[in-house]
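Residues per chain are reported as follows:
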Amino acid sequence: MNAFELYFNPRAKKNLVFETFCFEPETAREKELGSLYLAGLIRGVEPGNEDLLDELATLIKTGYYQQTDAGSDAETAFKAILKQGNELLSNLASKDPSSSISFFALNSKENELNFSQFGGRINTVFYQNGKLAEAGGGRPDENASFKNMISGKISPKDCILVLSEDIFQFLLKKDALKNIASAGEFRKAEKIISKFKKETSSLSGFCLFLYPEEDRSPQKITPDFSRISNKIPSLGALKLVLKRFKLPFSTGKKPKQGKTAFRSAKPTTIDAASVWRRIKGTVLSLRNAFNDAPKWLWTERKNASIVVLLILVLIAGWFISQTSNKEKLDTALKEINNAEQKMVQADSLSNRGKTQEANLLLQEALSQISLKISKSNTADKEAKQLKSEIEERLFLINKLERGTPFETVYEFPSGKGSLIPGNMIYQNGNFYLFNQLSGKLSVYDPQEKSYLSFSHSDNISFADSFGKDQIIFLDSQDRLILFRGKEFQDLDQITMPHEKTFLESFKVFKNNLYFLSYDSAEKSPKKEVIKYDYLGNFEWDGPKTWLEKAPEEAVSIGIDGLVWVLGDNNSVKSYYSGIFQNEIKIKIFPAPQAISKILSFSNSSYLYLLEPAQKRIIILDKNGELVKQLQNDQWEGISDFAVSPDGKTAYLLLSKASSILKVSLGL
């Protein structure tokens with residue numbers, strides 16, 4: 001959509017604040033949700049609360065585009081953000097209870113749109129098939145909340161007008177709404193409004209025009225037409241049209257009232273005297289060089305013309321270079337200021353206990369500021385300082401303990417041809433270590449400081465605790481093996497659900513066996529959790545698919561009465577009796593890259609996650625709330641981990657360092 005915003009005398013009336021916002025998708029994922037257009041008006045706003053609309057719009061925009069993480073379509077994402085918006089509005093109402101707020105929200109993707117609004121101070125007019133239809137927004141005295149959503153389609157000849165109450169009533173009385181809507185483009189619509197120059201001088205409000213034509217970034221029209229080419233350099237023709245008359249109202253975004261907590265981004269300036277000295281020096285240098293040149297160079301007019309032209313080209317190139325550098329710097333400073341504004345808003349949210357919203361806003365600011373750090377320019381130092389401040393806030397909000405202390409429990413003996421263990425089971429204070437490429441099992445007893453090795457005739461694939469003093473293994477032939485004392489005992493071979501079933505993870509709960517598997521014969525195999533019920537006397541029933549819906553891209557399972565399935569999309573799904581219960585989206589900073597394992601215990605209220613790529617342990621409660629993160633750059637090459645029965649200590653198996661580490665979780 002083409003979106004244009006007009007402001008009528010924004011500071012003419014005290015205690016009146018209004019604002020329009022146009023958010024275009026910036027990434028490929030955001031484009032799946034389309035554009036977002038917002039407008040708000042507060043009457044009776046208290047001093048110091050003039051930024052409430054900015055705060056609300058920023059949070060709605062952030063939450064809306066975060067819906068891409070859930071794979072939502074535009075309509076689903078819009079419904080979700082309206083629900084979140086009502087929660088935010090409730091908080092804003094408590095912050096300024098005496099004010100009256102009206103708000104408009106619309107998302108558009110191609111020719112489809114979803115729309116909602118409330119309050120009686122904003123009027124929305126749809127122009128379709130040559131007719132005007134007004135969408136009511138409710139009464140001004142109603143509670144501020146989105147209640148209904150309207151969905152539909154819009155054609156290239158249609159139009160949407162969003163106007164504050166006073167502007168709507170004026171244009172309605174002048175019978176100008178239909179002419180404005182049918183104009184089809186902003187220039188024609190603005191020309192119609194300009195006819196009412198004197199009559200609009202006492203009005204204060206806004207217009208937001210949405211024309212469904214070719215995609216174009218939203219532009220604001222400023223009252224200073226001498227600067228309009230700098231504001232929107234791609235609209236040179238529009239500048240010429242607008243110069244023909246002077247608008248009776250102030251256009252462009254109204255200035256902030258009250259104090260601001262942001263650094264001022266000062267634009268760079270070019271000293272005219274310095275520029276002249278450089279040009280003069282360049283010309284003199286060229287003239288001296290030409291005086292020493294062969295005489296034939298000046299006897300030929302053609303050659304002289306070429307030299308003069310070359311000088312002019314060099315001077316013009318220098319000016320263009322300086323202008324380009326200034327524009328890049330000004331853009332970078334604006335982006336830095338915008339990121340800092342988000343940081344301050346996040347601080348405000350965090351102080352009110354809205355840590356999740358603050359977290360998302362800080363991550364967005366960090367992403368924005370990271371793109372503006374270049375090799376060397378005036379803004380680089382400020383950008384790096386701001387980036388550091390944002391990261392420190394993110395570390396604090398996300399409960400990240402960097403440089404977590406640890407102690408080395410054991411270092412493996414090195415020997416020629418020996419395989420370093422890659423898997424670990426911790427039971428009764430002992431460590432059972434094995435490598436899936438061999439049948440060797442090593443047992444380390446920290447109390448006795450003994451390290452014993454045992455061998456089986458086949459390679460060991462998976463293992464888990466079976467009772468207090470037993471470990472049950474699965475070999476490469478799908479046979480179960482029991483290890484107790486210092487001996488292996490071969491059990492029966494389990495029956496696979498499919499001929500080419502491939503196993504990935506293994507857990508024992510109440511002597512029942514659970515496997516994460518998939519059929520390797522399928523072109524796009526889906527993961528399944530297969531259960532084998534325990535019949536007693538080390539015998540198990542046949543396989544059965546345990547979950548009602550196979551999880552996609554699962555990598556690990558944990559069982560504590562619920563089955564917790566870890567996916568590679570940074571989510572954890574829970575199931576009870578095979579029925580889906582809940583999904584936890586792990587939205588933390590730093591964003592997870594590849595969580596490899598999940599542990600869960602029936603006597604613990606926590607979920608323990610291992611992410612070797614970023615050398616950290618993530619702990620969540622079973623409602624999905626972040627408890628803490630522990631990280632240390634020395635934890636290089638983590639291949640497995642275990643947690644003590646009381647849930648207070650973690651043990652890391654480092655294959656690269658050939659050692660076992662002990663980490664106190666501080667729970």
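The structure contained in this document is the topic of the report that follows.

**Some words on the overall build of the protein chain**
No. 1: Counting its secondary structure elements, the protein chain contains 13 helices and 38 strands.
No. 2: Out of the 667 residues belonging to the protein chain, those deemed buried represent 48%.
No. 3: Sequence-distant contacts in the protein chain: of pairs separated by 6 or more residues, those separated by 24 or more amount to 56%.
No. 4: Of the accessible surface of the protein chain, which amounts to about 34200 Å², a share of 48% is contributed by carbon and sulfur atoms.

**As for the packing of aromatic side chains**
No. 1: Per the stated rule, a full pass over the model turns up 33 aromatic pairs.
No. 2: For the pair F466 and Y534, a centre-to-centre distance of 6.0 Å together with 75 degrees between the ring planes defines the contact as edge-to-face. Placement of F466 in the loop between β18 (460-465) and β19 (470-475) and of Y534 in strand β25 (residues 534-536) is noted, with a sequence separation of 68 residues between them.
No. 3: The buried category is assigned to F466, whose relative accessible area is 4%.
No. 4: Looking at Y534, the relative accessible area reads 25%, which means it is partly exposed.
No. 5: Here the aromatic residues Y410, F412, Y426, F431, Y444, Y451 and Y651 are joined through ring pairs into a cluster of three or more.
No. 6: Lying over the aromatic face of W546, K531 brings its terminal NZ or CZ to 4.0 Å of the ring centre.

**Quick look at helix α2 (residues 52-66)**
No. 1: A rise of 1.5 Å per residue sets the reference length of α2, with its 15 residues, at 21 Å; its end C-alpha atoms lie 21 Å apart and thus fit the reference within 8%.
No. 2: Taking burial as the measure, the 15 residues of α2 include 15 buried ones, the bulk of the element.

**Regarding the environment of N86**
No. 1: With respect to the secondary-structure elements, N86 resides in helix α3 (residues 74-95).
No. 2: Expressed as a C-alpha distance, the spacing of N86 and A144, which sit 58 residues apart in the sequence, is 7.7 Å.
No. 3: N86 has contacts with S145 and F146, leaving out every residue within four places of it along the chain.

**Considering the environment of I180**
No. 1: In this structure, I180 sits in helix α5 (residues 177-182).
No. 2: Under the relative-accessibility criterion, I180 is labelled buried at 1%.
No. 3: Beyond its immediate chain neighbours, meaning those up to four positions away, I180 contacts L161, L171, A189, I192, I193, F209 and Y211.

**A look at the pairing of strand β29 (residues 563-567)**
No. 1: Among the 5 residues in β29, 5 count as buried, and that is most of the element.
No. 2: By the alternation rule, side chains of β29 split into V563, V565 and G567 and W564 and L566, which are all buried.
No. 3: Alignment of strand β28 (residues 554-559) against β29, held across 5 bridges, turns out to be antiparallel. Within β29, the position partnered with G558 by the bridge is W564.
No. 4: What sits between the antiparallel neighbours β28 and β29 is a turn of 3 residues, in which G561 has the positive phi angle 115 degrees.
No. 5: Between the antiparallel neighbours β29 and strand β30 (residues 571-576) lie 3 residues, among them N570 with a positive phi of about 60 degrees.

**A word on the sheet that holds strand β34 (residues 616-621)**
No. 1: A sheet is described by the order of its strands in space; here 5 strands give the open sequence β12-β35-β34-β33-β32, paired in mixed fashion. Edge positions in the sheet fall to β12 (400-402) and β32 (597-600), since each has one partner strand and no second. The average angle at which neighbouring strand axes cross in this sheet is 15 degrees, direction not considered.
No. 2: Bridge analysis of β12 against strand β35 (residues 626-631) gives 3 bridges, and the strand direction is parallel.

**Quick notes on the sheet that holds strand β36 (residues 638-643)**
No. 1: Sheet architecture is open: 4 strands sit in the order β13-β38-β37-β36, paired in antiparallel fashion. Each having just a single partner strand, β13 (407-411) and β36 make up the two edges of the open sheet. Put simply, the sheet's adjacent strands are angled 25 degrees from each other on average, direction ignored.
No. 2: The sheet contact formed by β36 and strand β37 (residues 649-654) spans 5 bridges and is antiparallel. In the sheet register, F641 faces β37, and the bridge partner there is L652.

**Re the pattern of salt bridges**
No. 1: Evaluation of the coordinates by the stated rule reveals 17 salt bridges.
No. 2: We note a salt bridge from E165 to R121, for which the minimum N-O separation is 3.3 Å. A residue pair is termed long-range when its members are at least 10 positions apart, and E165 in helix α4 (residues 165-173) and R121 in the loop between β5 (112-118) and β6 (122-128) qualify at 44 residues.
No. 3: Judged by its relative accessible area of 22%, E165 falls in the partly exposed class.
No. 4: On the basis of relative accessibility, which here comes to 19%, the residue R121 falls in the buried class.

Basis of the calculations
- Residues numbered from 1 in each chain as written.
- Predicted model: local features only at pLDDT ≥ 70, side-chain atom pairs only at ≥ 80, totals over all residues.
- Heavy atoms only, no water.
- Helix = DSSP H or I, 4+ residues; strand = E, 2+ residues; numbered from the N terminus.
- Buried < 20%, exposed > 50% of the residue type's maximum accessible area, 1.4 Å probe, protein only.
- Contact = heavy atoms within 4.5 Å.
- Areas by Shrake-Rupley, 256 points an atom, 1.4 Å probe, with all protein chains shown as cover.
- Phe/Tyr/Trp six-rings, centres within 6.5 Å; stacked < 30°, edge-to-face > 60°.
- Lys NZ or Arg CZ within 6 Å of the ring centre and 35° of its normal.
- Expected span 1.5 Å × (residues − 1).
- Pairing = 2+ DSSP bridges.
- Axes fitted to C-alpha atoms, helices over the stretch in contact; angles between N-to-C directions.
- Salt bridge = Lys/Arg side-chain N within 4 Å of Asp/Glu carboxyl O.

Function cannot be inferred from these measures alone, as they are strictly geometric.
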